[in-house]
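# Commentary on secondary and tertiary structure
What follows is the residue order along each chain.
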Amino acid sequence: MAILRSLAAWRSRKPEAGEPRAWRRLWTRLRRKPDAVIDPTLPVTAQVVAIQQPGATLPERPYDLVLLAAVLGLLGIGTIEIYSATAAEGLTRFHDSTYFLERQMLYVGVGGLAMFLGSRIDYRWLRRWTYPLLAISIVLLACALFTPARNGAKRWIPLGPLTFQPVEIAKLGLVTYMAYSLGRKADQLKTFTIGFVPHLVVCGMMMVLLLKQPDLGSSVVLGATTLGMLFMAGTRVSYIGLAVLASAPVAYHLVVGTPWRMQRFLAYFNPEAYASGEAYQFLQARLAMGSGGLTGAGLGDGHQSLGYMPEGHNDFILAPIGEELGFIGVALVILLFGPGSRRTRRAALGARDVFGGYLAFGITLLFGVQVLFNVGVVLGIVPNKGITLPLVSYGGSSLVITMFLVGLLFNVGRRPEHKAAREAQRDLARRKRGRVRVVLA
């Protein structure tokens, strides 16, 4: 015991200035913390992540108030405009001008709980549920094909008085799978058969089921999100270009081989010729946007919401905003998406682990693609795709899942010290205290 005490006292002292350099090197070597022990049976990617392990050094951040303000601003503008655009329809059809507003407030409340849940849970549990969530998404998309059609499409599963869109679960399942798979295959992403093909197969299965419903807009969003995440992860650009070229004949067949899609495509180039049919909604939206001017006609003073523009509170919510709030209102909505996108990129780049970074980037890319397509449809830049504007359009399951995804962005951006990591640190501290007591006994 006396020898152990002497060795401990010698290790704790600092070398004198005149001591030989060899003693300095020996003292530095003894004082250095031992290197992390890496399990050699793990894959190469897992060993790299274990060596880097940024979770022990990155501090926890507070909630991103800028992102929260942007989300609340979009929800507020959307809720107010939904009431203004649906008051006349609710009074005519349901004898209640607040019919749609009450339901939207209910969805916002449930979505708020979902956002709180997504911001507080350990987002890493999604890794353990990646494949079950993926399987549930595919099964739900297949079940939607056996439900009654609404407006010529089978995209909704009835749940009593409410309906549910399985594509929203599919978005969460696909982004989670991509984040998990890209993190595991970091050293094999440039290979065609392992790093590229499996992701296209999974996305392709979902796209086929969506096209059967039919839902071309959502399938395009999922495809663009998948290719964007692969590009960000480092997949060869030639593979992505090959996938785009291979999908071109399929897209051509889907448009030319389907009469109503062909008419909608022709209406995009010559809307006046289809003013009473496929281009009616777009022409009414263009009239609403043009009549708003700079400041708009004022809340509740829009004319297109008096039955002239169907479904104005869903995919074309930006048109009533342009008519009643003018160019300033439309610019405000787009600007609110701007800082929100920038803050979500900050969350992705500053994530504590690889899975969290990919998850935040995938959610950001998913929202960005939806916003670009929705704004492009209303402005006449792209053909009508039937894609909602996140956090602004009227919706049930879409709004709840969107707010849950926003909660996950808050979660990743905070970089929280999760319970498992804290318990591991406490166990390590207990073992060290035990060794000290044994040595000094």
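What you see is a predicted model, and the numbers here were worked out from it, not measured in a lab.

## Considering the overall build of the chain
Counting its regular elements, the chain contains 18 helices and two strands. Taken over 441 residues, the chain has a buried fraction of 42%. Contacts in the chain between residues far apart in sequence, at least 24 positions, make up 72% of those at least 6 positions apart. For the chain, the exposed surface amounts to about 23,500 Å²; the carbon and sulfur share of it is 66%.

## Describing a nonpolar patch on the surface
Together, F265, Y268 and F269 give the surface a local cluster of nonpolar side chains, amounting to about 300 Å² of exposed area. Note that F265 resides in helix α13 (residues 259–269). With relative accessibility at 34%, the residue F265 sits in the partly exposed group.

## A short note on the side chain of Q165
Tracing the backbone shows Q165 in the loop between β2 (162–164) and α8 (166–184). With residues near it in sequence (within four places) discarded, Q165 still touches R155, W156, S397 and S398.

## Some thoughts on the nonpolar core
The biggest cluster of nonpolar side chains holds 88 residues, and the ones touching the most others in it are L359, L389 and L408. Beyond its immediate sequence surroundings of up to four residues, L359 is in contact with Y123, L126, V175, T176, A179 and L408.

## Describing helix α11 (residues 216–233)
Taking 1.5 Å per residue, 18 residues should reach 26 Å; α11 reaches 26 Å between its end C-alpha atoms and fits that length. When α11 is considered as a whole, its buried residues turn out to be G217, S218, S219, V221, L222, G223, T225, T226, M229, L230 and A233. Where the residues of α11 are buried, they touch α8, α9 (192–195), α10 (197–212), α12 (237–256) and α16 (354–378). Looking at the residues trailing α11, positive phi occurs at G234, about 110°.

## Overview of the pattern of salt bridges
Pairing is possible between side chains that carry opposite charge, provided their charged atoms lie close to one another. Going through the model one piece at a time under the given rule, you end up with five salt bridges. A salt bridge links E89 to R93; the nearest nitrogen and oxygen atoms lie 2.8 Å apart. Separated by four residues within a single helix, E89 and R93 lie in helix α4 (residues 65–93), roughly one turn from each other. Judged by its relative accessible area of 25%, E89 falls in the partly exposed class. Judged by relative accessible area, which is 51%, R93 ranks as exposed.

## A few points about unusual backbone geometry
P214 follows Q213 through a cis peptide bond whose omega is -5°. Locating P214 in the fold gives a position in the loop between α10 and α11. Despite not being glycine, H95 shows a phi value in the positive range, around 55°. Tracing the sequence through the fold places H95 in the loop between α4 and α5 (99–120). For H95, a relative accessible area of 69% puts it in the exposed group. Positive phi is not limited to glycine here, since L391 has a value of about 70°. Within the secondary structure, L391 sits in the loop between α16 and α17 (397–414).

## What about the confidence of the model for the chain?
For the chain, the mean per-residue pLDDT works out to 79, and 80% of the residues sit at or above 70. The low-confidence segment residues 41–56, where pLDDT is below 50, has 17 contacts with residues more than four positions distant or belonging to other chains.

## Topic: the packing of aromatic side chains
The tally for this structure, following the rule as stated, stands at 13 aromatic pairs. Relative to F269, the ring of Y268 lies with its centre 5.0 Å away and its plane at 70°, an arrangement referred to as edge-to-face. The exposure class of Y268 is partly exposed, given its relative accessible area of 30%. A cation sits over an aromatic face here: R103 above Y99, 3.7 Å from the ring centre.

## Considerations on the side chain of Q370
Summarising the element assignment, Q370 is placed in helix α16. Q370 gets classed as buried once you look at its relative accessible area, which sits at 5%. Reaching out from Q370, the side chain makes a polar contact with the side chain of K171 at a distance of 3.5 Å. Not counting residues up to four positions away in its chain, the partners in contact with Q370 are K171, V221, I387, T388 and P390.

## Comments concerning the packing of α4 against α5
One can describe the packing of α4 onto α5 by two numbers: an axis separation of 7 Å at closest approach and a directional angle of 155°. In terms of orientation, α4 and α5 fall into the roughly antiparallel class. Mapping the contact onto sequence places V71, T79, I82, Y83, T86, E89, G90 and R93 in α4 and F100, L101, Q104, M105, V108 and M115 in α5. Of the residues that constitute the contact of α4 with α5, the class distribution is eight nonpolar, four polar and two charged.

## Here we look at α8
Spanning 19 residues, α8 covers 27 Å between terminal C-alpha atoms, matching the ideal 27 Å at 1.5 Å per step. Counted residue by residue, α8 has 17 buried out of 19 residues, so it is predominantly covered.

## Thoughts on the packing of helix α7 (residues 130–143) against α8
Across the interface, α7 lies against α8 with an axial gap of 8 Å and an inter-helix angle of 145°. Handedness of the α7/α8 crossing: left-handed. Listed contacts from α8 to T130, Y131, L133, L134, S137, L140 and L141 of α7 are P166, V167, I169, A170, L172, G173, T176, Y177, Y180 and R184. When its residues are assigned to classes, the contact of α7 with α8 shows 12 nonpolar, four polar and one charged.

Calculation rules
- Residues numbered from 1 in each chain as written.
- Predicted model: local features only at pLDDT ≥ 70, side-chain atom pairs only at ≥ 80, totals over all residues.
- Heavy atoms only, no water.
- Helix = DSSP H or I, 4+ residues; strand = E, 2+ residues; numbered from the N terminus.
- Buried < 20%, exposed > 50% of the residue type's maximum accessible area, 1.4 Å probe, protein only.
- Contact = heavy atoms within 4.5 Å.
- Areas by Shrake-Rupley, 256 points an atom, 1.4 Å probe, with all protein chains shown as cover.
- Patch = residues over 30% accessible without salt bridge, like charges linked within 9 Å, V, L, I, M, F, W, Y side chains within 5 Å.
- Salt bridge = Lys/Arg side-chain N within 4 Å of Asp/Glu carboxyl O.
- Core = buried A, V, L, I, M, F, W, Y, C linked by side-chain atoms within 4.5 Å.
- Expected span 1.5 Å × (residues − 1).
- pLDDT = per-residue confidence, 0-100.
- Phe/Tyr/Trp six-rings, centres within 6.5 Å; stacked < 30°, edge-to-face > 60°.
- Lys NZ or Arg CZ within 6 Å of the ring centre and 35° of its normal.
- Polar contact = N/O pair within 3.5 Å; in protein donor to acceptor, adjacent residues only side chain to side chain.
- Axes fitted to C-alpha atoms, helices over the stretch in contact; angles between N-to-C directions.
- Parallel < 35°, antiparallel > 145°, perpendicular 65-115°, else oblique.
- Nonpolar A, V, L, I, M, F, W, Y, C, P; charged D, E, K, R; others polar.
- Left-handed = near helix turned anticlockwise from the far one by under 90°.

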